[in-house]
Amino acid sequence: MRLRLEHVAEPPRTPVSRFVHRPLDGPFHTASQFEPPFPAPVAGKGYPLWTLEHRGHELNFASPEEMAHVAEVMGQRVLPKPRVLGAEQSAVNSHWLSRMDKAWLSWKVRQEIVRKLTEAFA
């Protein structure tokens, strides 16, 4: 399992973003202000994008708040249902947890995910 940081030209939006960053000025896909705000670009590099890799699969994060949210959810011994996490009835299957590869869902792997993410945003 590996966590890497890269920088991209456009502000990233990940599958986790809409469950962490609440839009303040319209629907998520058109909003320009969020709470909490997305990180600002780093001068000369671009916007930060963290990628957690494991067994050929990746999960991207646009902010430390997203990493903290995923660590909190994955650290639960019994994973919550997406509806409990805020997915609306029509969007339950589009929640990041319901789309996660089964190789990531064992308790042992989730403990490693939590450890990696906690180290990164600590």
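The rules we used
Residues numbered from 1 in each chain as written. Predicted model: local features only at pLDDT ≥ 70, side-chain atom pairs only at ≥ 80, totals over all residues. Heavy atoms only, no water. Helix = DSSP H or I, 4+ residues; strand = E, 2+ residues; numbered from the N terminus. Buried < 20%, exposed > 50% of the residue type's maximum accessible area, 1.4 Å probe, protein only. Contact = heavy atoms within 4.5 Å. Polar contact = N/O pair within 3.5 Å; in protein donor to acceptor, adjacent residues only side chain to side chain. Phe/Tyr/Trp six-rings, centres within 6.5 Å; stacked < 30°, edge-to-face > 60°. Salt bridge = Lys/Arg side-chain N within 4 Å of Asp/Glu carboxyl O. Core = buried A, V, L, I, M, F, W, Y, C linked by side-chain atoms within 4.5 Å.

Considering the arrangement of structural elements, one finds His21 in the loop between helix H1 (17-20) and strand E2 (22-23). Judged by its relative accessible area of 0%, His21 is buried. Separated by 16 residues in the primary sequence, His21 and Pro37 place their C-alpha atoms 6.8 Å from one another. Once residues lying within four places of it in the same chain are set aside, the contact partners of His21 are Phe28, Phe34, Glu35, Pro36, Pro37, Phe38, Ser63, Glu65 and Glu66. Within the structure, His21 has its side chain in polar contact with the side chain of Ser63 (distance 2.8 Å).

The subject of this paragraph is the packing of aromatic side chains. Overall, the coordinates contain two aromatic pairs when judged by the stated rule. Note on Phe34 and Phe38: the rings are 4.9 Å apart at their centroids and 85° apart in plane angle, and the pair reads as edge-to-face. Exposure class is identical for Phe34 and Phe38. Each is buried. Chaining the aromatic ring pairs together yields one cluster made of Phe28, Phe34 and Phe38.

Scanning all chains against the criterion turns up six salt bridges. Across the pair Glu119 and Arg115 runs a salt bridge whose closest N-O atoms are separated by 2.6 Å. Of the two residues, Glu119 and Arg115 both sit in helix H3 (residues 107-121), four residues apart, roughly one turn of that helix. Judged by its relative accessible area of 38%, Arg115 falls in the partly exposed class. Each of Arg2, Arg4, Glu6, Glu53 and Glu58 takes part in salt bridges that share partners, so that together they form one network.

General note: in soluble globular proteins, nonpolar side chains tend to be found buried as a group. Residues Leu59, Phe61, Val70, Met74, Trp96, Ile113 and Leu117 are the most contacted members of the largest nonpolar core, which totals 20 residues. Mapped by element, the contributors of at least two residues to this core are H1, strand E4 (47-54), strand E5 (57-61), helix H2 (64-74) and H3. Of all the elements, H2 adds the most residues to this core, at five residues. Apart from residues no more than four positions distant in its own chain, Leu59 is found in contact with Val16, Trp50, Thr51, Leu52, Val70, Met100 and Trp104.

Time to look at the side chain of Thr51. With respect to the secondary-structure elements, Thr51 resides in strand E4. A polar atom in the side chain of Thr51 sits 2.8 Å from the side chain of Asn60. Those residues within four positions of Thr51 in sequence are excluded, and the remaining contacts are Arg2, Leu3, Arg4, Glu6, Glu58, Leu59 and Asn60.

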